[in-house]
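# Understanding the architecture of this molecule
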Amino acid sequence: MSSILREAGETFVTLAKGFSVTFSNMLRKTVTENYPEEPVHFQDRYRGIHVLHRDENGLEKCVGCFLCAAACPARCIYIEAAENTDAQRISAGERYARVYNIDYSRCIFCGYCVEACPTDAITHGHGFELAPSDINALIYRKEKLLEKGTVRDVASNQLFL
Amino acid sequence: MADSKDVTLKIDDRDVTVPPGTLVIEAARRMGIEVPSFCYYPGLSLQAACRMCLVEVERAPKLQTACTLVAMPGMVVRTNTEQVHQARKAMLEFLLANHPLDCPVCDKGGECELQDMAFTYGADKSRFAEEKRHRPERKWSEAVYYDAPRCILCFRCVRVCDEGMDVKALGVGQRGSQSVIIPNGEDHLDCEECGMCIDICPVGALTSGTYRYKTRPWEMKYVSTVCAHCSNGCKTTLSVRNNEILRANNRDLSGFNKEFLCVKGRFGFDFTSHPERLKLPLVRRNGHLEPASWEDAIAEASRRLAEVHKASGADSIGFIGSNRTTNEENYLLGRIARASIGTNNLDHHRTADYPSLIAALGEKAAAATVTMTQLYEADAVLLIGDDPTQQNPLVAWQIRAAIRHRGSRLYVINAKSIKLRRKAREFVEVSQGGEAAAVSWLSGSDETLDPGVAESLSALKSALEKENNVVVVFGAELTGAAVRDLVKFGASLPGQTRYMALGDYANSRGASDMGLLPHLLPGYAPLADVKAREKFGKVWGAKLTNKPGLDARGMLAAATSGKLRALYVVGANPVKTFGVNANERLGKLDLLIVHDLFLTETAKLADIVLPAAAAYEKDGSVTNTAGEVQLVRKGGDVMGTRSDFDILRIFSHQLAEHGLGQAIRLRTPEAAFDEIRQSVAGYDLSMAALLLGEAERTSPISTAGGQAKFDAPVGAIFSAHDTLFASGSLGRYCTTILSLPEAGPKTTPEAGAHS
């Protein structure tokens, strides 16, 4: 008899223990991401698809120095530089990147390019949906990487797209 | 070997023995001790401006500049003490006080001496709180840009322009920390545009207009090759990215030219990417040149050439070669003409009389000609004709360096008051074209000269008689008998006399050496020499004819009169060079085949045009005007073109299928060069030295003996007198050079220079 009672007691304790985990977690914030129904939440430092930034005047921060390409262990960055002119000013420095490609079939998201950049022009964004059906689509051009923004004409202080 | 006068001193506790007069910085470098410096540059005057080379010398009260301190016996120098380190750090702090930190943008970043020094010796922080002084960047010319804040005032550019180039286009303005480099035209440069100042600048203050902001040093591959323009054969390093040549400078300081390059060597590479470059073979159909495939074009060319051969015989076909193509290509062309077709109608645009010089020197030819380095070592130079500053810039550079460093004497005989006159001890001004008469007079003939000229010539003669070691440098003004007279005069001088003939183009000498001449086989073997004919006949698998061939002018005349039915032109523009009327098709030719980079006046008249690779796009060897052989290496690549070597080789196979000669089985330029080494007199050179990138001098010996003739027809040998800003047909496609104001009014390819 006593053994049955003890058994029932033990069962109850075990159940209570088990359900205490269940119930305490029921009250917690959910961790599971409901991707793709809902947007994904990231840590700030998550290293996703790169973003090329603009400065406060809307000019490209990238001065085409090739240091990211030099730092890249996967050699996935390809740059062609050119000179800014008074008529066409793309970046604040003398030089800008006329072509800036990142090959995401090679990128290992190590972040060395971000570390190497002397002008904070490149950072990792939170984009991650890379999968294409065509491998060529994995080469992202500057237009795709560049932050959207407006360019301020310094002389007239006018904003234009 | 230690000389009794040698000086022994102690640097960093190690003894070193150096010749007297050696600077401490050089003595240290010899021991492998790096003493940092900016303003010190071997070969230029001393400046002691940068104060980076400060060293501690025992019993000297203060630190001394190693670049001006002459090594003395018993001197004790320390380069590695705390005081020296402090001094270097402080000097760099001063240099960086106004130097912008724009290394990521600066073209010099990655190969900058200041960057390296700051990294090795500098402090990581600056104590200067003041704002850096900024000055706007200046464009001095299409080729040279100056960014004043980056300048560290080492004055290397000023000195190289003044001493090295004798142009004096750069100077220093303002004083103290306000100093700036200023150009002679106030806001622009008016100079030879050699770009030496860019090359020698240790920082990014002077940058090249062609290379600016295009890429970075570590992104490119470097190909050490030989300049494609004049006949001096300067080594140049091509900086190549994505098969495109972006820069040319002699980065590794290899070759006899060291850091020297002229405007053509430094900026004249952009013809390779000119939009008018031919990239597809063209075949004339219904009167128009239309694109065709390589297979069709070569098949048609060889079929039609075989037809002409069958219908009109071998001597109805002529070959005009190039003075830009490699030795191997010239050798193959000679073989196709002489062995496959069986004609001696073979020539090129001759720009110097090498055969006469070699024949006149006879067995002494090797010992009596000088290399570019030996030119620098000469005690006296006699320059007859030519204008080396414009036509042979390295020769002028070597002569100036010899005068500056070694106190050599220069004597000039010229019809024009050329720039080198200011360095000359004696200058004899002769009438236009009077150089040959002057030489004839010097050799003791009874030539009647203007009394004034005769007087200055005899003064020159007595001056030369006092010299022990004379190098005679002469241009195309002396040909045939004049060259023989010159050698006769040289032999009459008491001292040693040696010679250098000046041609026009990168392989002018090679074309001559490889026998692109109607009367001479490769290695200057006369056609009349049965043994030589048998030797080459055996190598080439054919019996060679000794029937005299036509020279270039003869071929063009025969083409007009209808005697010549087919003409094969490789990398030459005879229509322009020899002034043929281009309005009508080349006489009554049945077939005109042209290999070229561009649609030149000659190519426009052709039936078949084959797009050739440029000198920077192929392997092989070239021989400079002094007879120094160097290897060229493939740098860039242009899709659709083929090297002349490939074209000729394929062509020989096609001709063999039509029953003409044997196919050429030499697969690569190296294999062809091996055959040249074995069969061409004077070309048995050290392959190891050549592969190391060195220049090896050929030693051809004329076997003609007393049979040698000095009767080259009038007008067969002439210089195009290209200036620094012209380079035959190629010069018209060098966009950067043509954009320079010194190049004169803008020329279109139509109205361009000579070929």
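Whatever comes next refers back to the structure up there.
Residues numbered from 1 in each chain as written. Chains lettered and ligands numbered in written order. Predicted model: local features only at pLDDT ≥ 70, side-chain atom pairs only at ≥ 80, totals over all residues. Heavy atoms only, no water.

## Digging into the pairing of strand β9 (residues 180-183) of chain B
For a regular strand, side-chain orientation follows a simple rule: the groups alternate between the two sheet faces. Relative to β9 of chain B, strand β8 (residues 170-173) of chain B runs antiparallel, the two being bridged by 4 bridges. Looking at the pairing, Gly-173 of chain B lines up with Val-180 of chain B of β9 of chain B. (Pairing = 2+ DSSP bridges. Helix = DSSP H or I, 4+ residues; strand = E, 2+ residues; numbered from the N terminus.)

## Here's the deal with the interface of chain B and chain A
On the side of chain A, 15 residues touch chain B, which itself brings 16 residues to the contact. For the pair chain B and chain A, the summed buried surface comes to about 1200 Å²; carbon and sulfur atoms form 50% of the total. Contact with chain A buries surface across chain B, with Pro-104, Val-105 and Tyr-213 of chain B losing the most and accounting together for 41% of the total. Joining chain B to chain A, the criterion identifies 9 residue pairs in polar contact (both at pLDDT 80 or more). Each residue belonging to the side of chain B that touches chain A can be placed in one class, and the counts come to 5 nonpolar, 2 polar and 9 charged. (Contact = heavy atoms within 4.5 Å. Buried area = accessible area lost by both parts, 1.4 Å probe. Polar contact = N/O pair within 3.5 Å; in protein donor to acceptor, adjacent residues only side chain to side chain. Nonpolar A, V, L, I, M, F, W, Y, C, P; charged D, E, K, R; others polar.)

## Considering helix α17 (residues 530-540) of chain B
All names here are of chain B. Within α17, the full set of buried residues consists of Ala-532, Arg-533, Phe-536, Gly-537 and Trp-540. Looking straight down α17, one finds that the buried residues subtend no more than 130 degrees of arc, so they occupy a single side. For α17, the exposed residues lying more than 90 degrees away from the buried face are Lys-531, Glu-534 and Lys-538. N-capping of α17 is provided by Asp-529, with a side-chain oxygen placed 3.1 Å from the backbone N of Lys-531. (Buried < 20%, exposed > 50% of the residue type's maximum accessible area, 1.4 Å probe, protein only. Arc of directions from axis to C-beta.)

## Here we look at a nonpolar patch on the surface
Among the surface-exposed residues, Leu-15, Phe-19, Phe-23, Met-26 and Leu-27 of chain A lie close enough to one another that they form a single nonpolar patch of about 600 Å² accessible area. Counting through the fold element by element, Phe-23 of chain A comes out in helix α1 (residues 2-27). (Patch = residues over 30% accessible without salt bridge, like charges linked within 9 Å, V, L, I, M, F, W, Y side chains within 5 Å. Areas by Shrake-Rupley, 256 points an atom, 1.4 Å probe, with all protein chains shown as cover. Salt bridge = Lys/Arg side-chain N within 4 Å of Asp/Glu carboxyl O.)

## With respect to the pattern of salt bridges
All names here are of chain B. Scanning the entire structure with this criterion turns up 39 salt bridges over all chains. The partner of Asp-379 in a salt bridge is Arg-406, with the nearest N and O atoms 3.4 Å apart. Pair noted here: Asp-379 is in the loop between α10 (372-377) and β18 (380-384) and Arg-406 is in helix α12 (residues 393-406), with a separation of 27 residues, a long-range link. Exposure remark for Asp-379: the relative accessible area of 22% places this residue in the partly exposed category. A salt bridge links Asp-674 to Arg-677; the shortest N-O distance between them is 3.5 Å. Highlighted residues: Asp-674 and Arg-677, both in helix α22 (residues 669-679), separated by 3 residues, approximately one helical turn.

## Topic: the packing of helix α9 (residues 354-361) of chain B against helix α15 (residues 481-492) of chain B
All names here are of chain B. Between α9 and α15, the least distance of the axes is 9 Å, while the angle of their chain directions is 35 degrees. Seen along the crossing, α9 lies across α15 with a hand that is right-handed. Together, Ser-356, Leu-357, Ala-360 and Leu-361 of α9 and Val-483, Arg-484 and Val-487 of α15 make up the contact between the two elements. Of the residues assigned to the contact of α9 with α15, the class counts are 5 nonpolar, 1 polar and 1 charged. (Axes fitted to C-alpha atoms, helices over the stretch in contact; angles between N-to-C directions. Left-handed = near helix turned anticlockwise from the far one by under 90°.)

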